[in-house]
Amino acid sequence: MSAIGWRVHGDGKQVAPGAVVAPDERLSWPRTIGIGMQHVVAMFGATFLVPLLTGFSPATTLLFSALGTVVFLLVTGNRLPSYLGSSFAFIGPIVAATASGGQSAAVGGILATGVLLAVIGLVVHLAGSRWIDLVMPPVVTGTVVALIGFNLAPTAWGTCDDAGVCSGFRAAPVTAVVTLLAIVVVAVLFRGILGRLSILVGVVVGYVVATVRGEVDFTAVGEADWFGLPHFVTPTFEPRLLGLFLPVVFVLIAENVGHVKSVAAMTGKDLDPLTGRALLADGLATTLAGFGGGSGTTTYAENIGVMAATKVYSTAAYWVAAATALVLSLSPKFGELINTIPAGVLGGATTVLYGMIGVLGARIWVQNKVDFSNPVNLTTAAVALVIGIANFTWTAGDLTFEGIALGTAAAIGVYHLMHAVARWRGTTQEPATPASVPGGTELA
């Protein structure tokens, strides 16, 4: 790519069958701007759900999402198309940290996570990514992703306080069910990009229903200014809470590596040399968010869906997306409008989202053909999942470790312990009970 721009693909108007618009190419600027704005729509639903569920400012989150995307594009040399939205892996740690130490403590945890990820990115860039595969084989990666989704399941159902004020699904069951059904139906009713935006469409449908039912309060929207800076939060550091956040790094690594491989497969380019840069960029973006009160960031599967549908992988579109998000973040009225999304809508949407996160972990197992007749794999997943789902808690002095942190540690520890002993004893191919089921194929 030249220093001043992108090569125009073909006539700048059409993409021939079987062709793709490469990262260093672009269509005409009107088309590029349209696709860039489409990327903003794609990330919208998921990116805003994180601040809504954690009490963070949607406008602040959007601002650092835009800035993070710019950082990502610069660090990767404009060669890896990606939008950095809010990572769902941070939801549990943020909620727990905010409850015990306030929002500033949660922001400090995000910052610390970003710094650790950036350091790992530098190591990968200098030493290669082979060691990641050794430390985090697919059974471990899939288990960590799965336990994060299932650990959040109680949040989707919600709680009720002594005054009868409820959160999640319980706040407004009718609205939640409508939102959930809308997401389910839209995902299979429409082809192309609309089907990929089922969560966003479902939230819009649920929002309309909630408005009709009188569950939406627009007072704050009317009082907010059209233009202004978002609300910033200064981070504070509480070592006792770091155990909640640092395990999130494993998920961010998996998401970034997966993003690099996905884009490489779709464009036919070898992007593995950019893995370290991608991790470093996401680490810097998350660190930046931690300095001002934004949610931690990650590469977005929603935007991969847009690229797959349009065949346009131009990084120019992501510069447009970042600029669009930046402009929207500077409107307090827009931020307050997002804040009006009621708990019932969120309950319906998160029922799908948290389940999807959990099942995505299983998808990693399937795609990598993880053999659960091997007791090493079976036990690794079994122990870690129960710890994560039941939200085991361990306090050591001032440090508190909960389900996600303990489950992650268990997945890594159990796997490497059993793998080492099994290789020493030569027992890696022994059949696993209770994995043996009628009709199943087990190793002899």
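Residues numbered from 1 in each chain as written. Predicted model: local features only at pLDDT ≥ 70, side-chain atom pairs only at ≥ 80, totals over all residues. Heavy atoms only, no water.

J.: Got a minute to help me understand the overall build of the protein chain in this structure?
T.: Helices and strands together make up the secondary structure of the protein chain, namely 20 helices and six strands. Projected onto the principal axes, the alpha-carbon positions of the protein chain cover approximately 65 × 60 × 45 Å. Across the 444 residues that make up the protein chain, the buried fraction comes to 52%. For the protein chain, the share of sequence-separated contacts (at least 6 apart) that also reach a separation of at least 24 residues comes to 78%. Surface exposure of the protein chain reaches about 19,200 Å², of which carbon and sulfur atoms provide 66%. Of the charged side chains in the protein chain, 20 are positive and 22 negative; the average position of the first set lies 12 Å away from that of the second. (Helix = DSSP H or I, 4+ residues; strand = E, 2+ residues; numbered from the N terminus. Buried < 20%, exposed > 50% of the residue type's maximum accessible area, 1.4 Å probe, protein only. Contact = heavy atoms within 4.5 Å. Areas by Shrake-Rupley, 256 points an atom, 1.4 Å probe, with all protein chains shown as cover. Lys, Arg positive; Asp, Glu negative; His and termini not counted. Charge placed at Lys NZ, Arg CZ, Asp CG, Glu CD.)

J.: What is the right way to look at the packing of helix α3 (residues 91–101) against helix α4 (residues 103–127) in this model?
T.: A pair of packed helices is captured by two measures, namely the crossing angle of their axes and the spacing between those axes. Packing of α3 against α4 brings their axes to within 7 Å, and their N-to-C directions diverge by 140°. Relative to α4, the element α3 lies oblique. In this structure, the crossing between α3 and α4 has a hand that is right-handed. Residues I94, A97, T98 and G101 of α3 pack against Q103, S104, A105, A106 and I110 of α4. A breakdown of the residues in the contact of α3 with α4 according to their chemical character gives five nonpolar, four polar and no charged. (Axes fitted to C-alpha atoms, helices over the stretch in contact; angles between N-to-C directions. Parallel < 35°, antiparallel > 145°, perpendicular 65-115°, else oblique. Left-handed = near helix turned anticlockwise from the far one by under 90°. Nonpolar A, V, L, I, M, F, W, Y, C, P; charged D, E, K, R; others polar.)

J.: Any chance you could explain the packing of aromatic side chains here in plain terms?
T.: The way to describe two aromatic rings as a pair is by their centre distance and the angle between their planes. Counted by the stated rule, this structure contains five aromatic pairs. Their ring planes at 25° and their centres at 6.1 Å tell us that W157 and F169 sit as a pair that is stacked. Of this pair, W157 sits in helix α7 (residues 153–157) while F169 is found in the loop between α7 and α8 (173–189), placing the two residues twelve residues apart along the sequence. For R425, the ring lying beneath its charged end belongs to W424, and the centroid distance is 6.0 Å. (Phe/Tyr/Trp six-rings, centres within 6.5 Å; stacked < 30°, edge-to-face > 60°. Lys NZ or Arg CZ within 6 Å of the ring centre and 35° of its normal.)

J.: I tried to follow unusual backbone geometry on my own but got confused; where do I start?
T.: Most peptide bonds take the trans form, and the phi angle of most residues other than glycine is negative. Residue N78 is not a glycine yet carries a positive backbone phi of 60°. Notably, N391 is not glycine yet its phi reads approximately 55°, a positive angle. Summarising the element assignment, N391 is placed in the loop between α19 (375–390) and β5 (394–396).

J.: Is there a simple way to think about the pattern of salt bridges in this case?
T.: Pairing of side chains with opposite charge becomes possible as their charged atoms draw close. Per the stated rule, a full pass over the model turns up three salt bridges. The partner of R7 in a salt bridge is E25, and the shortest N-O contact between them spans 3.3 Å. One end of the pair, R7, is in strand β1 (residues 7–8); the other, E25, is in strand β2 (residues 25–26), and 18 residues separate them in sequence. Residue classification places E25 among the buried residues on the basis of a relative accessible area of 12%. With a shortest N-O distance of 2.9 Å, E215 and R213 are connected by a salt bridge. A relative accessible area of 27% places E215 in the partly exposed class. In this structure R213 comes out as partly exposed when scored by relative accessible area, which is 45%. (Salt bridge = Lys/Arg side-chain N within 4 Å of Asp/Glu carboxyl O.)

J.: Just checking my understanding: could you explain the layout of surface pockets for this structure?
T.: Empty pockets left among the atoms are what a rolling probe the size of a water molecule brings to light. By volume, the second largest pocket is sized at about 310 Å³. Those elements that place two or more of their residues in the lining of the second largest pocket are α1 (29–54), α3, α7 and α18 (343–367). Broken down by element, the residue count for the lining of the second largest pocket peaks at four residues, all from α18. Here the residues of the lining of the second largest pocket sort into eight nonpolar, ten polar and no charged. (1 Å grid on protein atoms, 1.4 Å probe; cavity = no way out; pocket = protein on both sides within 12 Å on 5 of 7 lines; lining within 4 Å. Points joined across faces, edges and corners; volume = space filled by probe spheres on them.)

J.: Looking at this model, I keep getting lost on the side chain of S314. Mind explaining?
T.: Residue placement: S314 occurs in the loop between α15 (301–310) and α16 (315–329). What makes S314 buried here is its relative accessible area of 2%. Within the structure, S314 has its side chain in polar contact with the backbone oxygen of E25 (distance 2.6 Å). Among all residues touching S314, those that are not within four sequence positions of it are W6, V21, A22, P23, E25 and R26. (Polar contact = N/O pair within 3.5 Å; in protein donor to acceptor, adjacent residues only side chain to side chain.)

J.: Looking at this structure, how should I read the environment of L252?
T.: Of note, L252 is situated in helix α13 (residues 248–267). Expressed as a C-alpha distance, the spacing of L252 and L279, which sit 27 residues apart in the sequence, is 8.1 Å. Discounting residues that sit within four places of it in the chain, L252 has contacts with S87, F90, T113, L117, L279, D282, T297 and T298.

J.: Can you help me understand the side chain of S65 in this one?
T.: Tracing the chain through its elements places S65 in helix α2 (residues 58–75). Classification of S65 as buried rests on a relative accessible area of 2%.

J.: Teacher, can you tell me more about the packing of helix α6 (residues 138–151) against α13 here?
T.: At a closest axis distance of 10 Å, the pairing of α6 and α13 adopts a crossing angle of 115°. Of the two elements, α6 crosses α13, and the hand of that crossing is left-handed. Only F250, V251 and A254 of α13 make contact with α6, whose side of the interface consists of T141, V144, V145 and I148. Partitioning the contact of α6 with α13 into residue classes produces six nonpolar, one polar and no charged.

J.: Hey, could you run me through α18 in this one?
T.: Since the α-helix advances by 3.6 residues per turn, residues separated by three or four positions end up pointing in the same direction. In a regular helix each residue adds 1.5 Å, so 25 residues correspond to 36 Å; α18 covers 35 Å between its end C-alpha atoms and thus fits that length. Of all the bends in α18, the largest measures some 30° and sits at T350. Directly after α18, the chain includes K369, whose backbone phi takes a positive value near 55°. (Expected span 1.5 Å × (residues − 1). Bend = angle between axes of the 7 residues up to and from the residue.)

J.: Explain a nonpolar patch on the surface here, please?
T.: A cluster of nonpolar side chains, namely V115, V119, V123, W131, L134 and V135, defines an oily patch on the protein surface of about 450 Å² accessible area. Along the chain, V115 falls in helix α4. (Patch = residues over 30% accessible without salt bridge, like charges linked within 9 Å, V, L, I, M, F, W, Y side chains within 5 Å.)

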